[in-house]
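Structural characterization, general
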Amino acid sequence: MNGDLHSGGAVDHAAVANAHSEHADAPEFAREMWKTRLGFVLAAVGSAVGLGNMWRFPYITAEYGGAAFVVLYIIMTLAVGIPVMLAEFTIGRGTRKSSISALRLAGGKGWVPLGFLFVLTGFLILSYYSVIAGWVTRYALAGIFGGFPEDTGAYFGLIASGVPAMGFHLFVMAVTIAIVMGGVEKGIERASVIMIPALFLIVLGLAIWASTLSGSGAGYAFYLTPKFSELLSGETLAAAASQAFFSLSLGMGAMLTFSSYLSREESLPREAGVIAFSDFSVAFLAGLVVFPVIFALGLQGAVGESTLGALFIAIPGAFNEMGGIGRVVGTFFFIALFIGAITSAISLLEVVVSAMIDEWNMPRKKAAVIAGSLIALLGLWPASNLNALGALDAVTNYIFLPVGGLAMAILVGWLYKNPLEEVSRSVSERFQPLLKGWLWTLRVVVPILLVVVLYSALGEAVDAVKALFGG
């Protein structure tokens, strides 16, 4: 069943379905399912919505020309993000397996390394992502119990690495492991149904509050007025494609894994559109919070120094300057960040756990504990060394994710015999022609853009690795 699914150089979609259905009633092939469509959507949104929306998106927007970047980001979400997400959905729901097993069924033995790359990527990202989530937890607790420190730069220097960072990293991993142990319905879905609406409400409330700040108009002008010269910039285009791709949790098997638990009655294009729109909405709202605050207090220069400076030094400092209301607003801001970080961490761990369940028939709780513990152990390295964190982030985001997405586009676009069969389920006849446009976008446009992203970002990955080794 591994290498014998090829037919004339293409992958036979019907053969995959038949091979799977032969074993559908066997106990070892029993698969968890989402209880509701809403549960799947919120879990997938939770995977996509995270620190990349509320932290990286505003920073990258500021770096690449404000509204011009936002316009290109929307275009890249439509041109790259949704097509690759649909490709992952096609393989995930079509095989009803996690990344390694799914790619073995869909492409044969030659595609198994891609499945391992997905698992490795999720493993490595979570090892340092949980460290950053630990910093967020520390700031949220500071806001709740004592207020943000006066010298936010010195405070961040104390907690960013070493024993404090390790402790909060382990706390985040413990929370993540506990949720994933609960399973798809009682763990991931239940947590997502509670946390994602709360996240939206908090960010929306913060955006409304930010609109009342004196001087916020300059922030809106920067954020919402395009600099048309930037629209023609190759660097801005590459950054927008990169952000759209990374923000939607693509290229690491998360959407593939989540869709493997999805009913065949649901429309994949509809779900992809809802998830992409929700992801963008949170990122856009975060900009409506960050830019008015930054411009109202004249902190544009501090934000431009570094991504870490924006989130953990400049913004807490801004909340401090606002007095009591700043403490309240800042606390909610970091609570929202914590929610987004946890929902993304859940999906990262699920990629690894689901693969262990499918490949080795391992009980979920055992797989969650083993995988989570190993990730927590590796995470002690970036928790004690910021250069290690930077290197892991650069290699996974700038190399592994684009390579994973590029390979997925090639597999589904050119080798899968009839991807439209899976994608067109529950899609009305009038929208069927659009699906052919999706397929050709996946075949031609996506590979070109991802090669550009890889080329433009390779230097940053090399620099980060050199910094780790003192180069």
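Residues numbered from 1 in each chain as written. Predicted model: local features only at pLDDT ≥ 70, side-chain atom pairs only at ≥ 80, totals over all residues. Heavy atoms only, no water.

Structural notes on the overall build of the protein
As a reminder, the rule being used: Secondary structure elements follow DSSP: runs of H or I of four or more residues count as helices, runs of E of two or more count as strands, with numbering from the N terminus. Radius of gyration here uses only the C-alpha atoms, and the compact-globule reference equals 2.2 Å multiplied by the residue count raised to the power 0.38. Think of it in three bands: with a 1.4 Å probe and only protein chains considered, a residue is buried below 20% of the maximum accessible area for its type, exposed above 50%, and partly exposed in between. Residues are treated as being in contact if the distance between any of their heavy atoms lies within 4.5 Å. Throughout, the Shrake-Rupley method with a 1.4 Å probe supplies accessible areas, and for residues the shown protein chains are the sole cover considered.
When you go through the protein residue by residue, the secondary structure sums to 21 helices and two strands. Compactness check: the protein gives a C-alpha radius of gyration of 22 Å against a globular reference of 23 Å for 471 residues, within 12% of the reference. Taken along the three principal axes of its C-alpha coordinates, the protein extends 65 × 50 × 45 Å. Buried residues in the protein amount to 59% of all 471 residues. Long-range contacts, defined here as pairs at least 24 residues apart, represent 85% of the contacts in the protein between residues at least 6 apart. When the accessible surface of the protein is split by element, carbon and sulfur atoms take 66% of a total near 17600 Å².

Concerning the environment of Lys 109
Secondary-structure assignment places Lys 109 in the loop between α5 (99-107) and α6 (112-145). Looking at Lys 109, the relative accessible area reads 56%, which means it is exposed. Once the C-alpha coordinates of Lys 109 and Glu 321 are considered, the two residues, 212 residues apart in sequence, prove to be 59 Å apart.

Notes on the pattern of salt bridges
Worth spelling out the cut-off: Whenever Lys or Arg places a side-chain nitrogen within 4 Å of a carboxyl oxygen from Asp or Glu, that contact is recorded as a salt bridge.
Here the structure, examined in full by the defined rule, presents 10 salt bridges. Where Arg 270 meets Glu 271, a salt bridge forms, and the shortest distance between an N and an O atom there is 3.1 Å. Its relative accessible area of 37% is what places Arg 270 among the partly exposed residues. Residues joined by salt bridges that share partners form a network here, namely Arg 37, Glu 266, Arg 270 and Glu 271.

A look at the confidence of the model for the protein
In low-pLDDT segments, the atomic positions of the prediction should not be examined closely. Basically, it comes down to this: pLDDT is defined as a per-residue confidence score from the predictor, taking values between 0 and 100.
Residue-level pLDDT values for the protein average 87, and 91% of them are 70 or greater. Model confidence for the protein, summarised as mean pLDDT per element, is weakest for strand β1 (residues 6-7) at 36 and strongest for helix α18 (residues 364-384) at 98. Segment residues 1-9: pLDDT under 50, and 19 contacts once partners within four positions in sequence are set aside and those in other chains are kept. Counting interchain partners and residues more than four positions distant, the pLDDT-below-50 stretch residues 19-29 has nine contacts.

Re a negative patch on the surface
Stated precisely, the cut-off is as follows: For patch building, the residue pool is restricted to those with more than 30% relative accessible area and no salt bridge; the joining distance is 9 Å between like charges and 5 Å between nonpolar side chains (Val, Leu, Ile, Met, Phe, Trp, Tyr). For the charge count, each Lys or Arg is scored as positive and each Asp or Glu as negative, with His and the chain ends excluded. Think of each charge as sitting on NZ of Lys, CZ of Arg, CG of Asp or CD of Glu.
On the surface, a cluster of negative charge is contributed by Glu 63, Glu 235, Glu 460 and Asp 463. What makes Glu 460 partly exposed here is its relative accessible area of 41%.

Structural notes on unusual backbone geometry
At Ser 249, a position not held by glycine, the phi torsion is positive, near 60°. Examined against the element boundaries, Ser 249 turns out to sit in the loop between α12 (234-247) and α13 (254-259). Taking relative accessible area as the criterion, Ser 249 reaches 8% and is therefore assigned buried. In this structure, Ser 426 is a non-glycine residue whose phi angle is positive, near 60°. Checked against the element boundaries, Ser 426 lands in the loop between α20 (419-423) and α21 (432-468). For Ser 426, a relative accessible area of 46% puts it in the partly exposed group.

Notes on helix α17 (residues 324-360)
Our working rule: A helix is expected to reach a length of 1.5 Å times the quantity of its residues less one. At any given residue, the bend is defined as the angle formed between two axes, one fitted to the seven residues that end at that position and one fitted to the seven that begin there.
Taking 1.5 Å as the rise per residue, α17 with 37 residues should run 54 Å; its terminal C-alpha atoms sit 54 Å apart, in good agreement. Of all the bends found along α17, the most pronounced is centred on Glu 350 and spans about 25°. Along α17, 27 of the 37 residues are buried, which leaves the element largely enclosed by surrounding structure. Positive backbone phi, at 50°, marks Asn 361, one or two positions downstream of α17.

Looking at the environment of Leu 262
Following the sequence through the fold, Leu 262 ends up in the loop between α13 and α14 (268-296). With 179 residues separating them along the chain, Leu 262 and Pro 83 place their C-alpha atoms 18 Å apart. In this view, Leu 262 contacts Met 33, Trp 34, Phe 40, Arg 93, Arg 96 and Leu 268; residues no more than four positions away in its chain are not counted.

A short note on a nonpolar patch on the surface
There is a patch of nonpolar side chains on the surface, built from Ile 410, Trp 414, Trp 440, Val 444, Val 445, Ile 448 and Val 452 and spanning about 620 Å² of accessible area. Contributions of two or more residues to the nonpolar patch are made by α19 (386-415) and α21. Counting residues per element, the nonpolar patch draws most heavily on α21, which supplies five residues. Among the secondary structure elements, Val 452 is positioned in helix α21.

With respect to the environment of Leu 415
Here Leu 415 is to be found in helix α19. Separated by 309 residues in the primary sequence, Leu 415 and Ala 106 have C-alpha atoms spaced 9.1 Å apart.

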